[in-house]
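# An overview of the molecular structure
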Amino acid sequence: MIRLPCAGALKLLASAAIFFTLTPAGAQRGTDAPQPGYERPDNAPVAPPPREDQPQDEQPREAQPPRAEQPRRVSPAYGPETANATAAAARRYATIAASGGWPRIAKPRVDKPLGANASGKPVALLRRRLAIEGYLPNAQDSDDNAWDDALSDALRRFQAHMGLEQTGDVSRETLRELNTPAATRARELEMTAARLAKMHFRFSDRYVAVNIPAASVEAVGDGNAVERFTAVVGGRRHPSPQVIARIVAIDINPTWTVPASIIKKELAPKLRRNPHYFERENILILDARGREVDPLKLRRVSNKRAAHFTFRQEPGPKNALGSLRISMPNSHDVYMHDTPNKKLFDRDYRFLSHGCVRVEGVYDLASWLLDETSRDWTPDALRDAIDSGRSEKIRLSQSVPVAWVYMTGWAEDDGPAFFRHDIYSLDKGARSPTRRR
């Protein structure tokens, strides 16, 4: 489970009079995580203690009791204004590209890494590069070639916006993002804005958004991004579709009915090679009447014929859905769920599923979704229900809208935008995945 970014402000002069307001963001493990809210720095001025020889009426006034802390507002990555903000960002980045773009940063020498304590022309170029996009005040004509804390902080903000680990120095991945041309960024923003304009998603007080290229899930309440979760989404061969649906229930200890496409491509060959695989994986094979069939009797069945049978994995530690599924009926037959393979969440590359979305912290997301039900479904209460071993469908008292969107570039305001890799090549004109799976 990952916390979210808060906003700050910096200026950019990309051409004669173009200014941007920067929204800094922090991240954990390469996601769009937030930096903490503002706190008074240690060196901020404080009221001096009263002097004993000072008249009472000249004593400093007693400090007023602090106001109740207001919850920090965090704009969701996908919200009602995202499409317009992203379209506006596309125009800003196109202007930067038309004005010459930003300088290319050369690959640092092994013996002279580009980071703290570095100096010289590469540092000045990096400073200019970050200033053009808005991560530093304008410094295009600056000859400041010494590394400082401000440059490290700006680079960390840049890395957060790219979904990279915030090292504060120029790693190989950071260099690749720094050298992506401004025209490419403008194209990513333009394509995302066009896709969002076609979504026609009805935003409500509570909704869930999945950004597929970011492999990230947001829970949004009252316009505030409550939490963001790391996810595993579909790979290139099995892409997650862009879809709008409503979450209606949480399934405890679910069974998994294997889609026909997986039966044909993966399970039918296993019938021929190792029919004992199904007993080991707790998968039942059922005929059209719901009667169990011995896998040994299906060894000569073709891949196409095998798909006429139902392959159902029973609840348990090996179930591909884990212990919990978030039900969101849709024409693509996709949903969000737990997974027994939690280690996948630690990877930088998390495009590994067959189209569904696996959610780290799925108990917290389910608890939030069930917040308005009659029973107090805390994460611990959900675990207790799972430990009982019984399968149970918990219906939401009110369904929650959910949107799976494909945002390779997006903006929250008029500052530097956020970017992710075009994993399905949709920005290059590939068709959006729409087939049922």
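### Structural notes on the packing of helix α1 (residues 82-98) against helix α5 (residues 182-197)
Packing of α1 against α5 brings their axes to within 8 Å, and their N-to-C directions diverge by 160°. With respect to each other, α1 and α5 are oriented roughly antiparallel. Between α1 and α5 the crossing geometry is left-handed. Between α1 and α5, the contacting residues are T82, A83, T86, A87, A89, A90, Y93, A94, I96 and A97 on the first element and A182, A183, R185, A186, L189, E190, T192, A193 and L196 on the second. Its residues assigned to classes, the contact of α1 with α5 shows 14 nonpolar, three polar and two charged.

### Digging into the side chain of Q313
Of note, Q313 is situated in strand β7 (residues 310-313). The class for Q313 is buried, based on a relative accessible area of 3%. A polar contact of 3.1 Å, which involves the side chain of Q313, links it to the backbone oxygen of E281. Those residues within four positions of Q313 in sequence are excluded, and the remaining contacts are T255, W256, E281, N282, I283, K318, N319 and A320.

### Overview of the packing of aromatic side chains
The tally for this structure, following the rule as stated, stands at 13 aromatic pairs. Residues F278 and F311 carry aromatic rings whose centres are separated by 5.8 Å and whose planes lie at 55° to one another, so their mutual orientation is tilted. Taken as a pair, F278 in helix α7 (residues 277-280) and F311 in strand β7 lie far apart in primary sequence, 33 residues in all. Like F278, the residue F311 is buried in the burial classification. Ring geometry for Y406 versus Y424: centroids 5.4 Å apart, planes at 25°, classification stacked.

### Comments concerning empty space enclosed by the protein
Once rolled over the atoms, a probe with the size of a water molecule shows which space is left empty. As enumerated under the stated definition, the model contains one cavity of 30 Å³ or more in all. Empty space within the largest cavity amounts to approximately 70 Å³. Surrounding the largest cavity, twelve residues form its lining, A77, N211, S216, E218 and R228 being those nearest its centre. Going through the elements one at a time, β1 (206-211) and β2 (216-221) are the ones with two or more residues in the lining of the largest cavity. At three residues, the largest contribution of residues to the lining of the largest cavity is made by β1. Residue composition of the lining of the largest cavity, grouped by class: seven nonpolar, two polar and three charged.

### Looking at the packing of helix α2 (residues 121-133) against helix α3 (residues 149-162)
At a minimum axis separation of 11 Å, α2 and α3 run at an interaxial angle of 50°. Considered as vectors, α2 and α3 are oriented oblique to each other. Helix-helix and strand crossings are classified by hand; for α2 and α3 the assignment is left-handed. Between α2 and α3, the residues in contact are V123, L126, R127, R129, L130 and E133 and L151, A154, L155 and F158, respectively. Classifying every residue of the contact of α2 with α3 by side-chain character gives seven nonpolar, no polar and three charged.

### Points about the pattern of salt bridges
Proximity of charged atoms lets side chains of opposite charge pair with each other. Counting across every chain of the model gives 17 salt bridges. Residue R185 is joined to E188 by a salt bridge in which the shortest nitrogen-to-oxygen separation is 3.0 Å. One end of the pair, R185, and the other, E188, are both in helix α5, three residues apart, so they sit about a helical turn from each other. Per residue, the accessibility class of R185 equals that of E188, and both read buried. When the shortest N-O distance is used, the salt bridge between E281 and R280 registers 4.0 Å.

### Points about α1
The end-to-end C-alpha distance of α1 is 24 Å, a good match for the 24 Å that 17 residues give at a rise of 1.5 Å each. Buried within α1 we find T82, A85, T86, A89, A90, R92, Y93 and I96. Those residues of α1 that are buried are in contact with α2, α5, β13 (409-410) and β14 (418-419). At the exit of α1 stands G100, carrying a positive phi of roughly 115°.

### Let's talk about the confidence of the model for the chain
The predicted structure's coordinates, where accompanied by low pLDDT, should not be read in detail. Put simply, the chain has an average pLDDT of 84, and 80% of its residues get 70 or more. In the predicted structure, residues 2-71 sits below a pLDDT of 50 and forms 153 contacts with residues beyond four places in sequence or in another chain.

The rules behind these values
Residues numbered from 1 in each chain as written. Predicted model: local features only at pLDDT ≥ 70, side-chain atom pairs only at ≥ 80, totals over all residues. Heavy atoms only, no water. Axes fitted to C-alpha atoms, helices over the stretch in contact; angles between N-to-C directions. Helix = DSSP H or I, 4+ residues; strand = E, 2+ residues; numbered from the N terminus. Parallel < 35°, antiparallel > 145°, perpendicular 65-115°, else oblique. Left-handed = near helix turned anticlockwise from the far one by under 90°. Contact = heavy atoms within 4.5 Å. Nonpolar A, V, L, I, M, F, W, Y, C, P; charged D, E, K, R; others polar. Buried < 20%, exposed > 50% of the residue type's maximum accessible area, 1.4 Å probe, protein only. Polar contact = N/O pair within 3.5 Å; in protein donor to acceptor, adjacent residues only side chain to side chain. Phe/Tyr/Trp six-rings, centres within 6.5 Å; stacked < 30°, edge-to-face > 60°. 1 Å grid on protein atoms, 1.4 Å probe; cavity = no way out; pocket = protein on both sides within 12 Å on 5 of 7 lines; lining within 4 Å. Points joined across faces, edges and corners; volume = space filled by probe spheres on them. Salt bridge = Lys/Arg side-chain N within 4 Å of Asp/Glu carboxyl O. Expected span 1.5 Å × (residues − 1). pLDDT = per-residue confidence, 0-100.

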